2 protein chains.
Amino acid sequence: TISMKAIQKMRCFVVYVSKAATKTQMEFDYDGPSMKTSVPGPRSQELTKQLGDIQNVGAVNFFCNYEESRGNYLVDVDGNRMLDLYTQISSIPIGYNHPALLKLMTNPHNLSTFVNRPALGILPPENFPDKISESLLSVAPSGMSRVQTMACGSCSNENAFKSMFIWYRNKERGQTAPSDQDLSTCMVNQAPGCPDLSILSFMGSFHGRTMGCLATTHSKVIHKLDIPSFDWPIAPFPRLQYPLEEFTRENAQEESRCLEEVEDLIVKWRQKGKPVAGIVVEPIQAEGGDNHASPDFFRSLRNIARKHGSAFHVDEVQTGGGTTGKFWAHEHWGMDDPADIVSFSKKLLTGGYFQRDELQPDKPYRIFNTWMGDPSKNLFLAEVLNVIHRENLLEEVTRSGKALLKGLYELQGQYPNILSRARGQGTFCAVDICDDETRNSIMLKARDKGVILGGCGDRSIRFRPALVFKEYHVHIFLNIFSDVLAQLK
Amino acid sequence: TISMKAIQKMRCFVVYVSKAATKTQMEFDYDGPSMKTSVPGPRSQELTKQLGDIQNVGAVNFFCNYEESRGNYLVDVDGNRMLDLYTQISSIPIGYNHPALLKLMTNPHNLSTFVNRPALGILPPENFPDKISESLLSVAPSGMSRVQTMACGSCSNENAFKSMFIWYRNKERGQTAPSDQDLSTCMVNQAPGCPDLSILSFMGSFHGRTMGCLATTHSKVIHKLDIPSFDWPIAPFPRLQYPLEEFTRENAQEESRCLEEVEDLIVKWRQKGKPVAGIVVEPIQAEGGDNHASPDFFRSLRNIARKHGSAFHVDEVQTGGGTTGKFWAHEHWGMDDPADIVSFSKKLLTGGYFQRDELQPDKPYRIFNTWMGDPSKNLFLAEVLNVIHRENLLEEVTRSGKALLKGLYELQGQYPNILSRARGQGTFCAVDICDDETRNSIMLKARDKGVILGGCGDRSIRFRPALVFKEYHVHIFLNIFSDVLAQLK
């Protein structure tokens with residue numbers, strides 16, 4: 001419920017979105033940050049202490065008042081209102097408390113979906129095929145008409161990997177059924193039933209933290225230390241120079257080097273008796289430091305996968321959902337046949353993955369768990385997609401992203417000793433800071449001035465606003481960021 | 001919303017629950033099964049065909065009308081109303097559309113929790129410490145005051161395993177920080193950074209299907225075939241004779257044999273250079289065939305773990321939440337110090353695990369992901385726990401369970417060629433059928449008469465009703481089950 005105080009503080013304004021026809025729409029949002037205390041304030045500190053008796057709170061930034069948060073603004077429990085460019089680790093698609101989502105909650109026909117969570121794989125609700133058609137299938141990547149929902153990003157990648165392993169072994173067996181030896185050895189974790197297959201991943205990648213995913217994650221020590229893993233091949237990811245268009249020759253060379261290494265590793269691991277069943281890659285390495293590669297790189301990689309009989313899995317958990325200006329980041333590659341599997345989560349509100357027909361396991365219960373997703377998240381997703389369409393949010397993202405990147409270039413010119421390597425696609429932007437300490441200091445100073453940022457890689461700041469982040473939000477951000485940088489000098 | 005038709009069909013009755021003071025309560029439920037078609041009916045078949053274009057539908061039983069379902073009765077899209085003894089793979093705690101849960105949805109103060117899913121690990125909502133205290137901590141197992149929520153059962157076990165690995169390596173290192181070699185090798189999946197540690201599990205166990213969990217799951221071929229795994233030790237789980245009290249001597253011998261094997265494996269794997277960091281076990285093996293063991297067995301196992309420096313992880317994903325007559329099945333062991341980690345999901349509506357203080361990782365971000373659970377599920381759980389308390393549901397479960405097991409014993413006496421090994425704790429009961437084919441035939445016939453059952457193991461039927469399954473529901477079930485058996489003869 002919206003308090004009167006909050007309504008009074010809100011600003012109601014008209015946004016003109018369409019280019020041809022002028023479309024008017026009302027949006028609730030605040031008119032700017034408003035800071036009452038430094039962050040975390042006293043109430044956040046008190047709650048952190050309280051939660052510390054129950055959990056490790058070392059990662060807690062502050063406590064939030066989600067009821068009072070609106071649009072691009074996150075409000076904390078001390079009454080601070082901050083422009084949010086991190087959006088819950090890039091997982092809030094259309095801002096806080098979007099009226100369309102609140103309205104959905106008040107529809108009595110939706111109650112039962114929240115109260116009775118089904119075992120989707122065996123007893124789906126009547127509206128499940130329709131809801132999944134109007135939500136996920138309406139944004140299916142090119143070449144894919146099959147989708148499986150899961151509860152989170154890690155589960156999505158784990159099950160995507162399993163689908164690739166099953167597909168690869170079925171391909172090896174041809175028409176032959178699994179042997180008795182396959183069946184008996186798999187029960188005790190031994191080959192050939194549990195085969196020595198591998199997934200090729202890239203240094204700097206992040207694909208999740210469950211043990212299968214973690215074997216393909218190579219972004220930070222803290223994720224991996226002390227956890228047993230698999231001997232799987234790890235290729236270098238191109239380390240490009242930015243702006244990309246100014247270093248096309250150097251970057252192409254660097255990409256060739258990495259692609260050669262990929263092929264070498266595939267051959268080497270086949271010789272080791274651990275064939276590469278699949279290659280997994282992010283369109284932009286996010287957690288690992290917002291590392292980009294060219295459409296050419298990904299097209300070549302897809303071809304290498306095909307040439308060696310490996311499946312090609314594009315992990316769009318962070319890049320998916322519109323933030324690059326296209327619904328899927330891999331659409332920028334311009335291919336009809338970009339991937340065998342595309343996984344998602346975060347802004348899609350449900351985890352899951354799309355797959356080509358031949359990647360679907362041959363038998364039921366091979367990819368299965370109790371919940372297999374959550375239909376209440378599909379309800380929200382369908383409405384989010386309506387809003388994206390109705391409010392032309394992909395166009396907005398493209399426009400805001402250009403303004404953001406332009407602003408970063410300008411600041412980078414102004415502060416060459418602090419900022420470098422500004423880069424981005426849509427609002428999925430980042431900039432490097434001279435060192436880790438300065439990065440963290442900038443982020444804290446910006447927060448105290450009412451802007452929430454996230455870090456990634458060794459010393460990058462990543463920008464992950466919601467899709468409702470407009471050009472004027474960019475300017476609010478740039479003004480504050482500029483002030484912070486000025487004070488640093 | 002409840003249709004008038006549904007209300008007319010419902011029966012409103014008074015249940016006397018308390019022994020001392022007579023407590024009156026009203027409950028909505030139907031008065032019995034009502035079948036219009038065989039199952040799946042035509043509408044279910046049509047929807048299955050539709051969904052088949054999107055997903056593998058080989059496991060789909062039928063499509064449900066969750067809005068019309070009530071209490072112990074699941075209604076399908078063809079208007080069939082069935083008494084549900086499987087409850088979405090044991091994941092519905094207090095029946096369908098419980099008024100307390102519907103009421104929670106109409107409270108406008110809860111809206112924001114559904115609409116704005118936070119990244120709990122960094123930006124928790126204001127009420128999070130209170131909600132987690134009044135929900136999960138109010139049912140914390142003995143010796144545990146720390147709890148971590150996760151999105152599902154597999155993620156819970158994966159992260160519990162990771163906590164055990166981290167704890168074990170920290171113990172090995174003592175006060176020493178991780179070496180440079182630890183840090184560099186972990187990034188490329190190699191020891192010592194990614195150490196050769198193992199988890200000991202039992203044949204017949206089920207702990208989930210993501211790759212770490214799957215290495216400890218040994219119940220069915222279909223779960224494991226074609227997925228790479230770890231070389232971890234697998235001990236035999238006692239194969240007891242039932243009723244347990246009639247075979248105490250034989251069962252004790254069998255349990256000793258298994259415990260000896262556990263110790264042998266721990267020693268053997270230490271010698272192999274893959275020390276056992278943790279032992280994971282279900283209080284009753286569920287998916288693997290409802291295999292019980294005695295409190296003595298588990299007490300000894302816990303002591304073996306302690307003796308060898310391994311953590312002891314009790315997986316209560318299926319047994320937890322009250323269905324055995326105690327909130328946690330391991331409470332039947334009567335120990336002050338039963339486990340180091342207790343994981344849960346299903347009836348708890350959120351995944352997660354409790355842990356002893358020393359099992360909590362030393363640093364933030366070691367156990368972490370974007371969502372770290374879902375506060376909207378904590379809201380429901382708090383209300384479910386209120387209902388369990390208010391309606392004395394653990395006593396009800398004990399009473400219904402006794403009636404159910406008594407009925408199964410009687411039918412087993414009557415049909416010795418069909419039924420054997422009736423067993424159970426609370427309503428967490430099972431019975432073996434002479435063979436797999438007969439088992440499946442019984443389950444389908446029962447369904448067409450309005451009773452939903454689940455299978456487990458090679459040829460068992462498992463009973464997993466909700467906690468609101470009362471003695472008169474037991475009799476409705478037994479009457480129908482008896483009819484089915486009579487027709488089989």
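Residues numbered from 1 in each chain as written. Chains lettered and ligands numbered in written order. Predicted model: local features only at pLDDT ≥ 70, side-chain atom pairs only at ≥ 80, totals over all residues. Heavy atoms only, no water.

### Description of the overall build of chain A
Stage number 1. Looking only at helices and strands, chain A has 16 helices and 16 strands in total.
Stage number 2. Taken over C-alpha atoms, the radius of gyration comes to 23 Å for chain A, in line with the 23 Å a tight globule of 489 residues would show.
Stage number 3. Taken along the three principal axes of its C-alpha coordinates, chain A extends 70 × 55 × 55 Å.
Stage number 4. Counting only residues that meet the buried cut, chain A has 66% of its 489 residues in that class.
Stage number 5. Considering only intrachain contacts with a sequence separation of at least 6, the fraction spanning at least 24 residues in chain A is 71%. (Helix = DSSP H or I, 4+ residues; strand = E, 2+ residues; numbered from the N terminus. Rg over C-alpha atoms; globule rule 2.2 N^0.38 Å. Buried < 20%, exposed > 50% of the residue type's maximum accessible area, 1.4 Å probe, protein only. Contact = heavy atoms within 4.5 Å.)

### A few points about helix 11 (residues 248-271) of chain A
Stage number 1. An ideal rise of 1.5 Å per residue puts 34 Å on 24 residues; helix 11 of chain A measures up with 35 Å between its terminal C-alpha atoms.
Stage number 2. A:G273 sits one or two residues past helix 11 of chain A and shows a positive phi near 80°. (Expected span 1.5 Å × (residues − 1).)

### Some remarks on the sheet that holds strand 15 (residues 454-456) of chain A
All names here are of chain A.
Stage number 1. Strand order in this open sheet of 4 strands is 12-13-16-15, and the pairing throughout is antiparallel. Looking at strand neighbours, the two that pair on one side only are strand 12 (419-425) and strand 15, the edges of this open sheet. Between one strand and the next, the sheet's axes are offset by a mean angle of 30°, whatever the strand orientation.
Stage number 2. Both strand 13 (residues 428-433) and strand 16 (residues 460-463) contribute to a ladder of 4 bridges, which runs antiparallel. The residue of strand 16 that forms the bridge with A430 is R462. (Pairing = 2+ DSSP bridges. Axes fitted to C-alpha atoms, helices over the stretch in contact; angles between N-to-C directions.)

### What to know about the pairing of strand 5 (residues 146-150) of chain B
Residue and element names in this part refer to chain B.
Stage number 1. Burial analysis of strand 5 places 5 of its 5 residues in the buried class, the great majority of the element.
Stage number 2. Here strand 5 shows two buried faces, one formed by R146, Q148 and M150 and the other by V147 and T149.
Stage number 3. As judged from the 5 bridges shared by strand 5 and strand 11 (residues 351-355), these two strands associate in the antiparallel manner. When the bridges of strand 11 are listed, R146 appears paired with Q355.

### Some details on the pairing of strand 13 of chain A
Residues in a regular strand point their side chains to alternate faces of the sheet.
Stage number 1. The element strand 13 of chain A is largely enclosed, with a buried count of 6 among its 6 residues.
Stage number 2. By the alternation rule, side chains of strand 13 of chain A split into A:F428, A:A430 and A:D432 and A:C429, A:V431 and A:I433, which are all buried.

### Describing the relation of the copies chain A and chain B
Mapping between the two copies of the chain is achieved by a rotation about an axis and a shift along the axis.
Stage number 1. By a simple turn and slide, chain A fits onto chain B: the slide is 0.0 Å along the axis, the RMSD is 0.0 Å, and the turn is 180°. Look at the turn and shift together and you get a two-fold axis relating the two.
Stage number 2. Taken as a fraction of all interface residues of chain A, those also at the interface in chain B reach 100%, which identifies the copy contact as same-surface. (Least-squares fit on C-alpha atoms with pLDDT ≥ 70 in both.)

### Thoughts on the interface of chain A and chain B
Stage number 1. Contacts between the two partners involve 121 residues from chain A and, on the opposite side, 121 residues from chain B.
Stage number 2. Between chain A and chain B lies a buried interface of about 11,100 Å² when both sides are counted; carbon and sulfur atoms form 62% of it.
Stage number 3. Here chain A is connected to chain B by 10 salt bridges.
Stage number 4. Salt-bridge contacts for A:D226 lead to B:R173; the nearest nitrogen and oxygen are separated by 2.7 Å.
Stage number 5. Among the elements that line the side of chain A that touches chain B, the one with the most residues is helix 7 (residues 153-173) of chain A, at 8 residues.
Stage number 6. In terms of residue class, the side of chain A that touches chain B is made up of 65 nonpolar, 33 polar and 23 charged. (Buried area = accessible area lost by both parts, 1.4 Å probe. Salt bridge = Lys/Arg side-chain N within 4 Å of Asp/Glu carboxyl O. Nonpolar A, V, L, I, M, F, W, Y, C, P; charged D, E, K, R; others polar.)

### Concerning the environment of A:E282
Residue and element names in this part refer to chain A.
Stage number 1. Position of E282 relative to the elements: it lies in the loop between strand 8 (276-281) and helix 12 (295-307).
Stage number 2. Contact partners of E282, with chain neighbours within four places excluded, come to G204, S205, F206, H207, F237, F298 and D315.
Stage number 3. Only 3.0 Å separates the side chain of E282 from the backbone nitrogen of F206, close enough to count as a polar contact.
Stage number 4. A polar contact is formed between the side chain of E282 and the backbone nitrogen of A286, at a distance of 3.2 Å. (Polar contact = N/O pair within 3.5 Å; in protein donor to acceptor, adjacent residues only side chain to side chain.)

### Brief notes about the packing of helix 15 (residues 436-448) of chain B against helix 16 (residues 471-488) of chain B
Residues and elements named next belong to chain B.
Stage number 1. Their axes nearest at 10 Å, the elements helix 15 and helix 16 cross at an angle of 130°. Accordingly, the angle class assigned to the pair helix 15 and helix 16 is oblique. In this structure, helix 15 meets helix 16 at a crossing whose hand is right-handed. On helix 16, the residues that touch T438, S441, I442, K445 and A446 of helix 15 are I480, F481, V484, L485 and L488. (Parallel < 35°, antiparallel > 145°, perpendicular 65-115°, else oblique. Left-handed = near helix turned anticlockwise from the far one by under 90°.)

### Some points on the pattern of salt bridges
Stage number 1. By the definition in use, this model includes 66 salt bridges over all chains.
Stage number 2. For A:R464, the salt bridge identified is with A:D290, shortest N-O distance 2.4 Å. Note that A:R464 is positioned in the loop between strand 16 and helix 16 (471-488) and A:D290 in the loop between strand 8 and helix 12, a separation of 174 residues in sequence.
Stage number 3. You can call A:R464 buried: its relative accessible area is 0%.
Stage number 4. The residue A:E358 makes a salt bridge to A:R356 at a minimum N-O spacing of 3.6 Å.
Stage number 5. Given a relative accessible area of 18%, A:R356 falls into the buried group.
Stage number 6. Salt bridges here are not isolated pairs; linked through shared partners, they connect A:R169, A:E172, A:R173, A:D182, A:D362, A:K363, A:R366 and B:D226.

### Quick notes on the packing of aromatic side chains
All names here are of chain B.
Stage number 1. Evaluation of the coordinates by the stated rule reveals 40 aromatic pairs over all chains.
Stage number 2. On the basis of an interplanar angle of 75° and a centroid distance of 5.8 Å, the ring pair of F237 and F297 is categorised as edge-to-face. Of the two residues, F237 sits in the loop between strand 7 (234-235) and helix 11 (248-271) while F297 sits in helix 12 (residues 295-307), which places them 60 residues apart along the sequence. For the pair formed by F237 and F297, the shared burial category is buried. (Phe/Tyr/Trp six-rings, centres within 6.5 Å; stacked < 30°, edge-to-face > 60°.)

### Looking at the sheet that holds strand 4 (residues 81-84) of chain A
Residues and elements named next belong to chain A.
Stage number 1. Read across the sheet, 3 strands follow the order 3-4-14 without closing on themselves; strand pairing throughout is mixed. Each edge of the open sheet carries a strand with a single partner, namely strand 3 (73-75) and strand 14 (451-452).
Stage number 2. The sheet strands contacting helix 16 are strand 3, strand 4 and strand 14, and the helix crosses strand 4 at an angle near 110°.

### Observations regarding the domain arrangement of chain A
Residue and element names in this part refer to chain A.
Stage number 1. Here chain A is described as being made up of domain 1 (42-97 + 393-487) and domain 2 (118-373).
Stage number 2. Placing a centre on the C-alpha atoms of domain 1 and another on those of domain 2 gives a separation of 29 Å.
Stage number 3. With 28 residues of domain 1 at the contact, the number on the domain 2 side is 26 residues.
Stage number 4. Joining domain 1 to domain 2, the criterion identifies 2 salt bridges.
Stage number 5. Applying the counting rule to domain 1 against domain 2 returns 13 residue pairs in polar contact (both at pLDDT 80 or more).
Stage number 6. Mapped by element, the contributors of at least two residues to the side of domain 1 that touches domain 2 are helix 3 (87-90), helix 14 (393-414), strand 12, strand 13 and strand 16.
Stage number 7. For the side of domain 1 that touches domain 2, the leading source of residues is strand 12, giving 5 residues.
Stage number 8. In the side of domain 1 that touches domain 2, the residues fall into 13 nonpolar, 10 polar and 5 charged. (Domains from an automatic or database assignment.)

### A word on the nonpolar core
Stage number 1. Within the largest apolar cluster, 220 residues are counted, with the highest numbers of intra-cluster contacts made by A:F202, A:I279, B:F202 and B:I279.
Stage number 2. Leaving out residues up to four positions away in the same chain, B:F202 has contacts with B:H218, B:I234, B:A235, B:P236, B:F237, B:V262, B:I279, B:V280, B:V281, B:Q285, B:F297 and B:L301. (Core = buried A, V, L, I, M, F, W, Y, C linked by side-chain atoms within 4.5 Å.)

### Some words on the side chain of B:S376
Stage number 1. Within the fold, B:S376 resides in helix 13 (residues 375-390).
Stage number 2. Residue classification places B:S376 among the buried residues on the basis of a relative accessible area of 4%.

### Thoughts on unusual backbone geometry
Stage number 1. Put simply, B:V39 and B:P40 share a cis peptide bond, and its omega is 0°.
Stage number 2. By the element assignment, B:P40 lies in the loop between strand 2 (24-29) and helix 2 (42-52).
Stage number 3. Within the chain, A:S90 stands out as a residue other than glycine whose phi angle is a positive 65°.
Stage number 4. Its place among the elements puts A:S90 in helix 3.
Stage number 5. A relative accessible area of 0% means that A:S90 is categorised as buried.

### So, the side chain of B:S310
Residue and element names in this part refer to chain B.
Stage number 1. Mapped onto the elements, S310 comes out in the loop between helix 12 and strand 9 (311-315).
Stage number 2. The exposure class assigned to S310 is buried, which follows from its relative accessible area of 2%.
Stage number 3. If we ignore the near neighbours within four places in the chain, the residues touching S310 are W167, V276, A277, G278, I279, A305 and D340.

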